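# Survey of secondary and tertiary structure
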Amino acid sequence: MHGSQEIEREYEVILEALDKGVVPSDAAIEALLEMGFLEEAPDGYRMTLFARLKLDTLRIKRERETMEQVLAPDVSALSKRTLP
């Protein structure tokens with residue numbers, strides 16, 4: 001994995017956990033607030049719209065990469081065929 005892919009994967013793991021209601025440590029909360037992933041709410045903290053969009057984007061990207069890996073052999077085989 002390249003550096004940016006590793007960071008994206010880390011973001012995805014963190015955001016998935018937040019989305020499932022996992023409460024991070026105080027130090028992590030501070031970092032997530034600074035990154036714009038959390039915001040204060042009357043009952044504690046909640047994910048920001050930015051965090052939700054980032055998570056959705058990362059999920060879509062992962063699904064697309066998975067589909068490309070699954071379909072790559074089929075597409076490769078099709079490209080070698082010639083039409084009559």
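Everything quoted here is computed from the prediction, not taken from an experiment. (Residues numbered from 1 in each chain as written. Predicted model: local features only at pLDDT ≥ 70, side-chain atom pairs only at ≥ 80, totals over all residues. Heavy atoms only, no water.)

### Overview of the side chain of Glu-16
Inspection of the secondary structure assignment puts Glu-16 in helix α1 (residues 3-19). Looking at Glu-16, the relative accessible area reads 16%, which means it is buried. With residues up to four places along the chain from it excluded, the contact list for Glu-16 reads Leu-55, Arg-59 and Arg-62. (Helix = DSSP H or I, 4+ residues; strand = E, 2+ residues; numbered from the N terminus. Buried < 20%, exposed > 50% of the residue type's maximum accessible area, 1.4 Å probe, protein only. Contact = heavy atoms within 4.5 Å.)

### Digging into a nonpolar patch on the surface
A surface patch of nonpolar side chains, amounting to about 290 Å² of accessible area, comprises Met-67, Val-70 and Leu-71. Relative to the helices and strands, Met-67 is located in helix α3 (residues 49-80). (Patch = residues over 30% accessible without salt bridge, like charges linked within 9 Å, V, L, I, M, F, W, Y side chains within 5 Å. Areas by Shrake-Rupley, 256 points an atom, 1.4 Å probe, with all protein chains shown as cover. Salt bridge = Lys/Arg side-chain N within 4 Å of Asp/Glu carboxyl O.)

### Points about the pattern of salt bridges
Opposite charge on two side chains permits pairing when their charged atoms draw close. Counted by the stated rule, this structure contains nine salt bridges. Arg-59 is the salt-bridge partner of Glu-16, the closest N and O atoms lying 2.8 Å from each other. Separated by 43 residues along the polypeptide, Glu-16 in helix α1 and Arg-59 in helix α3 bring together distant segments of the chain. Here Arg-59 falls in the partly exposed class, since its relative accessible area comes to 23%. When the shortest N-O distance is used, the salt bridge between Glu-39 and Arg-46 registers 2.8 Å.

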